[in-house]
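Structural features, examined
Take a look at the letters that make up each chain.
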Amino acid sequence: MNMVTPTTSASFQPNSENTRILRDAFGRFATGVTVVTAPSSDGPVGITANSFSSVSLDPALVLWSPAKESNRYKYFTEAQHFAIHILAADQQDICMNFVKNAFALKDVPHHYNENDVPLIDGCLARFECSLVNVIEAGDHAVVLGQVHQAELRDGDPLAFFGGSFGSFSAS
């Protein structure tokens, strides 16, 4: 089935034959963009993800979902500590660096916390987490983390919708 254009619609039952249109349907949900970082036996790693969500305020819990087919999967499902960075509108280059390279931190301003988790500088928000659980979920996993430290600043977020980047300004 072809990609749905803005003037058409489609109804379908998801199956292994139409994962592209299902992905397009999922892409209709506008999201922010995050980079998740963690220490690993191969050095500090990062991955771009838009599968981030808050879960609970008390205790402070968040989740994100790495793909099992990713060569970075093991780093994040085995890491006991990680950080989720919500990117600002002017940080698309950081996002793209991590799309291409798990070890892109060398090109990104950052520092480390007491658990050797790399922390990217200048993000809109950052959540420093410890691993609570990894839940198998189809071709992905749900990584649940408890937030121990958070940081935020003012600014516009980097947004993702329908396979494209943009920004959102709350005016």
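Before reading further, recall that the structure is shown in the block above.
Here goes a summary of the coordinates provided. (Residues numbered from 1 in each chain as written. Predicted model: local features only at pLDDT ≥ 70, side-chain atom pairs only at ≥ 80, totals over all residues. Heavy atoms only, no water.)

All right, on to the nonpolar core then. Core analysis: the largest hydrophobic core is formed by 18 residues, its most contacted members being V36, A38, W64, F76, F82, I84 and C129. For this core, the secondary-structure elements that each account for two or more residues are β2 (34-38), β3 (45-49), β5 (60-64), α2 (73-78), β6 (81-86), β9 (125-137) and β10 (140-152). Considering every element that reaches this core, the biggest residue donor is β9, with four residues. Residues contacting F76, with those up to four places away along its chain left out, are V36, T37, A38, V45, G46, I47, W64 and V143. (Core = buried A, V, L, I, M, F, W, Y, C linked by side-chain atoms within 4.5 Å. Buried < 20%, exposed > 50% of the residue type's maximum accessible area, 1.4 Å probe, protein only. Helix = DSSP H or I, 4+ residues; strand = E, 2+ residues; numbered from the N terminus. Contact = heavy atoms within 4.5 Å.)

Turning our eyes to something else, we now look at the pattern of salt bridges. All told, the structure shown has four salt bridges when counted by the stated rule. Between E151 and R126 there is a salt bridge, with the nearest N and O atoms lying 2.9 Å from each other. Taken together, the residues E151 in strand β10 and R126 in strand β9 connect sequence positions 25 residues apart. Judged by relative accessible area, R126 falls into the buried class, the value being 5%. Here the salt bridges do not stand alone but share partners, grouping R126, E128 and E151 into one network. (Salt bridge = Lys/Arg side-chain N within 4 Å of Asp/Glu carboxyl O.)

The next point concerns the packing of aromatic side chains. The final tally for this structure, using the stated rule, is four aromatic pairs. Where Y75 meets F103, the ring centres are 6.3 Å apart and the plane angle is 75 degrees; that geometry is what we call edge-to-face. In this pair, Y75 is assigned in helix α2 and F103 in the loop between α3 (92-100) and β7 (110-112), connecting sequence segments 28 residues apart. (Phe/Tyr/Trp six-rings, centres within 6.5 Å; stacked < 30°, edge-to-face > 60°.)

The residue L144 is located in strand β10 in this model. Owing to a relative accessible area of 16%, L144 belongs among the buried residues under this scheme. L144 sits 67 residues away from T77 along the chain, and the two C-alpha atoms are 9.8 Å apart. Residues contacting L144, with those up to four places away along its chain left out, are V55, L61, V62, L63, S130, L131, V132 and N133.

Once that is clear, we can look at the sheet that holds strand β4 (residues 53-57). Spatially, seven strands are ordered β3-β2-β6-β9-β10-β5-β4 in an open sheet, and the strand pairing comes out antiparallel. One side of each edge strand has no neighbouring strand; the edge strands of this open sheet are β3 and β4. When strand polarity is set aside, the average angle formed by the axes of neighbouring strands in this sheet is 30 degrees. With four bridges connecting them, β5 and β10 associate as antiparallel partners. Within β10, the position partnered with W64 by the bridge is V143. (Pairing = 2+ DSSP bridges. Axes fitted to C-alpha atoms, helices over the stretch in contact; angles between N-to-C directions.)

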